[in-house]
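Spelled out, the chains give:
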Amino acid sequence: MKRLAGKAALVTGASQGIGLGIALRLAEEGADIALNVLQDNAAAAETQARIAALGVRCLVLPFDVTDLPAMRAAVERAVQGLGALHILVNNAGIEKRAPFLEVAEQDYDRVMAVNLKGAFFLAQAFAAHRQAAGQGGRIINISSVHENLPFPNFAPYCLSKGGMRMMMRNLAIELAPLGITVNNIAPGAIETPINARLMNDPALKEPLLARIPQGRLGKPADVAGVAAFLASDDADYVTATTTVVDGGLLWNYAEQ
Ligand code: BGC
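Predicted, not measured: the structure shown is a model, and the values here were computed from it.

Here is what the cut-offs are and how they apply
- Each chain has its residues counted from 1, running along the sequence as written.
- With the structure being a predicted model, the display of local features is reserved for residues of pLDDT at least 70 and the display and counting of side-chain atom pairs for 80 or more, all residues being used for whole-chain, interface and lining totals.
- With hydrogens and water stripped out, all remaining heavy atoms of the structure feed into the side-chain values.
- Where helices are involved, their axes are fitted lines through C-alpha atoms of the stretch in contact, as for all axes, and angles between N-to-C directions lie from 0 to 180°.
- Helix and strand definitions here come from DSSP, where helices need a minimum of 4 consecutive H or I residues and strands a minimum of 2 consecutive E residues; each element is numbered from the N-terminal end.
- Throughout, the term roughly parallel applies to angles under 35 degrees, roughly antiparallel to angles over 145, roughly perpendicular to angles from 65 to 115, and oblique to all others.
- By definition, any crossing whose near helix is turned counterclockwise from its far helix by less than a right angle is left-handed, and any crossing with a clockwise turn is right-handed.
- Contact criterion: two residues are considered in contact whenever any of their non-hydrogen atoms come within 4.5 Å of each other.
- Under the grouping applied here, Gly and all other residues not named as nonpolar or charged are polar, the nonpolar ones being Ala, Val, Leu, Ile, Met, Phe, Trp, Tyr, Cys and Pro and the charged ones Asp, Glu, Lys and Arg.
- The working definition used for a salt bridge is a side-chain nitrogen of Lys or Arg within 4 Å of a carboxyl oxygen of Asp or Glu.
- Only protein chains enter the accessibility calculation, which uses a 1.4 Å probe; a residue is then buried when its area is under 20% of its type maximum, exposed when over 50%, and partly exposed in between.
- What a helix is expected to span follows from its residue count: subtract one and scale by 1.5 Å.
- Any residue with a heavy atom lying within 4 Å of a molecule or strand is counted as near it.
- Two N or O atoms count as a polar contact when they lie within 3.5 Å, although within protein this holds only if one can serve as hydrogen donor and the other as acceptor, and sequence-adjacent residues are included solely when both atoms are side-chain atoms.
- Each accessible area is a Shrake-Rupley estimate made with a 1.4 Å probe; only the visible protein chains count as cover when residues are assessed.
- The rule is simple: put a 1 Å grid over the protein atoms alone, call a set of points where a 1.4 Å probe fits but cannot get out a cavity, call an open set with protein on both sides within 12 Å along at least five of seven lines a pocket, and count a residue as lining if it has an atom within 4 Å of a point.
- Grid points are joined across faces, edges and corners, and a volume is the space filled by probe spheres set on the points.

Thoughts on the packing of helix α1 (residues 17-28) against helix α2 (residues 42-52)
1) Next: Packing of α1 against α2 brings their axes to within 9 Å, and their N-to-C directions diverge by 25°. When the interaxial angle is binned, α1 and α2 end up roughly parallel. As α1 runs across α2, the sense of the crossing is right-handed. Facing L20, A23, L24 and A27 of α1, the residues of α2 in contact are T47, R50 and I51.
2) Next: For the contact of α1 with α2, the residue count by class is five nonpolar, one polar and one charged.

Quick notes on the pattern of salt bridges
1) Next: Tallied over the entire structure, the rule returns nine salt bridges.
2) Next: A salt bridge links D234 to R3; the shortest N-O distance between them is 3.6 Å. Taken as a pair, D234 in the loop between α8 (220-231) and β7 (241-245) and R3 in the segment before β1 (8-11) lie far apart in primary sequence, 231 residues in all.
3) Next: Exposure remark for R3: the relative accessible area of 32% places this residue in the partly exposed category.
4) Next: Between K7 and D233 there is a salt bridge, with the nearest N and O atoms lying 3.6 Å from each other. With K7 in the segment before β1 and D233 in the loop between α8 and β7, the pair connects residues that are 226 residues apart, well separated along the chain.

Notes on helix α4 (residues 105-133)
1) Next: Across its 29 residues, α4 extends 40 Å between first and last C-alpha, which sits within 8% of the 42 Å expected from 1.5 Å per residue.
2) Next: G134 lies just past α4 and shows a positive phi near 70°.

A closer look at helix α3 (residues 68-82)
Given 3.6 residues to a turn, an α-helix orients residues that are three or four positions apart in the same direction.
1) Next: Its 15 residues place the ends of α3 21 Å apart at the C-alpha level, agreeing with the 21 Å of an ideal helix rising 1.5 Å per residue.
2) Next: Contacts made by the buried residues of α3 are with β1, β2 (32-37), β3 (58-62) and α4.
3) Next: Once α3 finishes, G83 follows within two positions and takes phi at roughly 95°, a positive value.

Notes on the site of the ligand
1) Next: Lining the immediate surroundings of the ligand are E95, S144, H146, F151, Y157, G188, A189, I194 and N195.
2) Next: Contact between the ligand and S144: an oxygen atom at 2.6 Å from a side-chain N or O atom of the residue.
3) Next: Y157 has a polar side-chain atom sitting 2.7 Å from an oxygen atom of the ligand.
4) Next: Considering the ligand on its own, with 310 Å² of exposed area, one finds that the protein chains cover 91% of that surface.
5) Next: Its residues assigned to classes, the shell around the ligand shows four nonpolar, four polar and one charged.

Digging into unusual backbone geometry
Residues apart from glycine generally show negative phi values, whereas peptide bonds are mostly found in trans.
1) Next: We note that N153 has phi near 80°; this positive angle belongs to a residue other than glycine.
2) Next: Locating N153 in the fold gives a position in the loop between β5 (137-142) and α5 (155-175).
3) Next: According to the relative accessible area criterion, N153 is partly exposed, its value standing at 28%.
4) Next: Not every positive phi belongs to a glycine, and A240 is a case in point at roughly 65°.
5) Next: Tracing the backbone through its elements, the reader meets A240 in the loop between α8 and β7.

Digging into empty space enclosed by the protein
The gaps of empty space that remain are located by a probe, the size of a water molecule, rolled over the atoms.
1) Next: With the rule as written, the count across this model stands at two cavities of 30 Å³ or more.
2) Next: Its volume calculated, the largest cavity comes out at about 50 Å³.
3) Next: Lining the largest cavity are K96, A98, E102, V103, A104, D107, Y108, V111 and P156.
4) Next: Sorting elements by how many residues they give to the lining of the largest cavity places α4 first, with three residues.

Things to note about the environment of V75
1) Next: Position of V75 relative to the elements: it lies in helix α3.
2) Next: Accessibility expressed as a relative area gives 5% for V75, which makes it buried.
3) Next: For V75, the contacting residues outside a window of four places in its chain are L10, L85, L122 and A125.

In structure tokens, the structure reads:
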């Protein structure tokens with residue numbers, strides 16, 4: 001028996017990168033999938049078909065995680081379409097590069113809205129559903145090593161991820177009586193579209209690789225395996241934690 005059989009998971013930002021990797025992995029483990037994408041297009045239909053081919057149900061839910069009414073409606077649709085939602089993966093995230101002195105208000109607002117406010121209110125809608133269902137649930141947030149580590153030229157991104165760390169800790173305490181666990185996964189440098197600039201420029205990639213003790217970028221599958229564990233019954237007693245998936249990047253330090 002697959003370990004997530006009979007469960008249903010909503011994964012945000014699942015059109016590409018880590019979100020796509022998690023959606024596929026949870027489906028492989030037997031979960032039905034509510035696949036959030038920003039735009040319903042041919043790529044979303046292709047992913048839906050890939051997931052359905054794994055023998056589970058897949059609903060495509062196009063919505064912007066900053067649009068609260070659309071988000072709440074999507075949770076309702078997922079519950080109606082799949083019978084329930086047991087697992088929420090808050091994955092959707094963006095970053096915008098700018099030195100602190102040049103950060104524009106609209107970029108600050110967008111980063112905070114997508115990365116933090118969206119995750120917050122989706123967790124709220126999800127937890128209300130789990131409370132009504134009278135059973136526990138799983139909230140998994142994809143944060144970043146930058147929930148702890150400063151990242152020059154990405155101040156709003158770091159604020160949003162640091163905020164996600166405290167959101168996770170607070171919700172873990174508040175939602176424990178409902179049987180809902182809340183955990184973060186903190187990826188390091190993963191091969192995804194958010195890192196396209198870096199991956200395509202050896203002058204940027206080589207120095208980064210030199211800082212990663214394992215000597216390689218991560219893959220979405222490296223993150224997805226941890227998400228599958230956190231979603232499973234094996235992680236029943238795990239809450240209020242961050243699991244770092246970074247090949248050793250965060251704690252790397254050496255002197256010549
Ligand atoms: C960021 C990447 C960065 C990586 C390691 C991630 O959270 O999205 O841009 O390369 O952290 O610093």
